[in-house]
Structure formats: C-alpha cells, structure tokens
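Working through the structure, step by step
Chain by chain, the residues:
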Amino acid sequence: MPISSPAEYNTIITMLGALCATVQAATGIYAAYIKKKLSQLKRNDVLFRSHRAFGGFATTLYLLGLFAGITGFLDAITKQEVVPFEIDDLSFNFHTWPSFLIMIIILYKTFLSYFNKRKMYQQAKWLGMATFIAWAYTWITAAISYYVRTVPPNLQHDTPKFLLPYDLYGLQILLPFIIGGLISIPILIKANKLAKKEDIKKKKRTESQAE
C-alpha cells in the first residue's frame, strides 16, 4: 500500500526525526540533569553510543525534511505549482517562518558536534534542550499543517494511509514522544547500571590508594 502523498511521506520523515530527537534528549537529560555529569555522555559507553546514534538519525532525517521543505517553500513563493503561498493561513505561518530559526539551531548544533567538540560540550546543556524544543516545534506544527489540509475546506492532501486519521491527530502528535520515551527506558536502565559499576570501581580504587 503506497503512501497517500508526498506530504504524508514528509510528515512521516519529520515524525521519525522527532522520535530520534526524543531519545537523544532523554540520554542528554539523564547525563546533564539527573547524574549532573555531562561527561557521562563521553564516558558511559551506553549513553555515548545511544546519544550519538539517535542524534545521527535525527540529523539525517532533518536534512531529508529540510530538502523537501526548502523546495516546497521556493515553489510557494515562485510558481505555486505544488505548494500554495498561504500567507493568510495561520497553520502555514505558524509552521513556516519559525522554521528558519529552527534550521539555524539544528545546523549549528550539528556543525559543533562534528567540527568543534570542545565548544559543543561547553554549550551542551542549553543547546541540547534548544535542539529538542526546535524538533518538537517542527513536528507539532508540521503535523497540524498536514492534517488541516486533509479535510475541507482546505483539502489539499489525500487521507493518510500510514498516519492516524484526522480524528486521532492529537494522538499522532504524541506518538513520537511516547515511542521515543519507551525506547529510552531500557537504554537509561542499562546506562545507569554501567554508571553504578563505574562508581563502585572508582570507590574501590580510592580506598586502595588510601590504604
């Protein structure tokens, strides 16, 4: 069964990105705010691998969505053959214009992650939360913008085939955060066990040195 439209495909891409960003945020919050040791993201192998892997997935999905978003926006402000320029529409404005700020935040964090690790860890707390908030905003506004265009009077897209129907769009918006949270639970449990083992080893080394 094919996806109903490119719009549904792009919405699914954004949803998966928000899911991955949720897992990445959970590992970052655990290290920075629960354990109060941001260095755990480097030293705890479970956290390191999970944070980096899901962050990489989120970045890839964002770039896929960004390509579609930019081409759609260019069409909207020029030919309007595929995407209408709905300057008087609330959902269009609510999703489109803040996306430029979101693009700066996510691309800035991506750049630091790959090319300036030291600065990344200096700014990690606020930048990590800003990135997650940016992702959440992107997904929520993209989903609303998509769903309001699957029903009259602004019917532009076919009824979704893989996403939940319009009547359940509120649940659909929550799903990536719920699923991302569920995926995070075993990761954090395993990371916490590893952290406890490291604490025990460190304590033993300290005691042996004291003797």
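Predicted model, so just to flag it, every value in this text is computed and none were measured. (Residues numbered from 1 in each chain as written. Predicted model: local features only at pLDDT ≥ 70, side-chain atom pairs only at ≥ 80, totals over all residues. Heavy atoms only, no water.)

Some points on the side chain of Ser145
So the rule is basically this: Working definition: helices are DSSP H or I runs of at least four residues, strands are E runs of at least two. Numbering for both runs from the N terminus. Note on exposure labels: buried denotes an accessible area under 20% of the residue type's maximum, exposed denotes more than 50%, and partly exposed covers the range between, all computed with a 1.4 Å probe on protein chains only. Two residues form a contact once any of their heavy atoms are found within 4.5 Å.
Looking at the secondary structure, you find Ser145 in helix 7 (residues 124–147). Its relative accessible area of 13% is what places Ser145 among the buried residues. Beyond its immediate stretch of four places on either side in the chain, Ser145 contacts Ser91 and His95.

Brief notes about helix 5 (residues 98–115)
Operational definition: One less than the number of residues in a helix, times 1.5 Å, gives the span that helix is expected to have. The arc in question is formed by the directions pointing from the helix axis toward the C-beta atoms.
Over its 18 residues, helix 5 runs 26 Å from end to end, which matches the ideal 26 Å to within 8%, given 1.5 Å per residue. Those residues of helix 5 not exposed but buried are Ile102, Ile105, Ile106, Lys109, Thr110, Leu112 and Ser113. Buried residues of helix 5, viewed axially, fall in a sector of 165°; they line one side. Among the exposed residues of helix 5, those pointing more than 90 degrees away from its buried face are Ile104 and Phe115. Where helix 5 is buried, its residues touch helix 1 (6–34), helix 3 (45–77), helix 6 (117–122) and helix 7.

Quick word on a nonpolar patch on the surface
The condition that has to hold: Candidates for patches are residues over 30% relative accessible area with no salt bridge; among them, like charges are joined within 9 Å and nonpolar side chains (Val, Leu, Ile, Met, Phe, Trp, Tyr) within 5 Å. Surface accessibility in these figures is a Shrake-Rupley result with a 1.4 Å probe; residues are shielded only by whichever protein chains are displayed. We count a salt bridge whenever a side-chain nitrogen from Lys or Arg sits within 4 Å of a carboxyl oxygen from Asp or Glu.
Among the surface-exposed residues, Leu168, Leu171, Leu174, Ile178, Ile179, Leu182, Ile185 and Ile189 lie close enough to one another that they form a single nonpolar patch of about 690 Å² accessible area. Structurally, Leu182 can be placed in helix 8 (residues 169–210).

Brief notes about unusual backbone geometry
Of the consecutive residues Pro152 and Pro153, the connecting peptide bond is found in the cis state with omega at 10°. Of note, Pro153 is situated in the loop between helix 7 and helix 8. Within the chain, Lys36 stands out as a residue other than glycine whose phi angle is a positive 55°. With respect to the helices, strands and loops of the structure, Lys36 is situated in the loop between helix 1 and helix 2 (40–43). According to the relative accessible area criterion, Lys36 is exposed, its value standing at 66%.

Some details on the environment of Leu61
Within the secondary structure layout, Leu61 lies in helix 3. Taking the C-alpha atoms as reference points, Leu61 and Gly17, 44 residues apart in sequence, are found 5.4 Å from one another. Non-local contacts of Leu61, meaning those with residues more than four positions away in its chain, are made with Ile13, Leu16, Gly17 and Cys20.

A look at the pattern of salt bridges
Oppositely charged side chains may form a pair once their charged atoms are brought near each other. What the rule picks out here adds up to 1 salt bridge. As a salt-bridge pair, Arg49 and Asp45 come within 2.9 Å of each other at their nearest N and O atoms. Of this pair, Arg49 and Asp45 both sit in helix 3, 4 residues apart, roughly one helical turn. Classification of Asp45 by relative accessible area gives partly exposed; the value is 37%.

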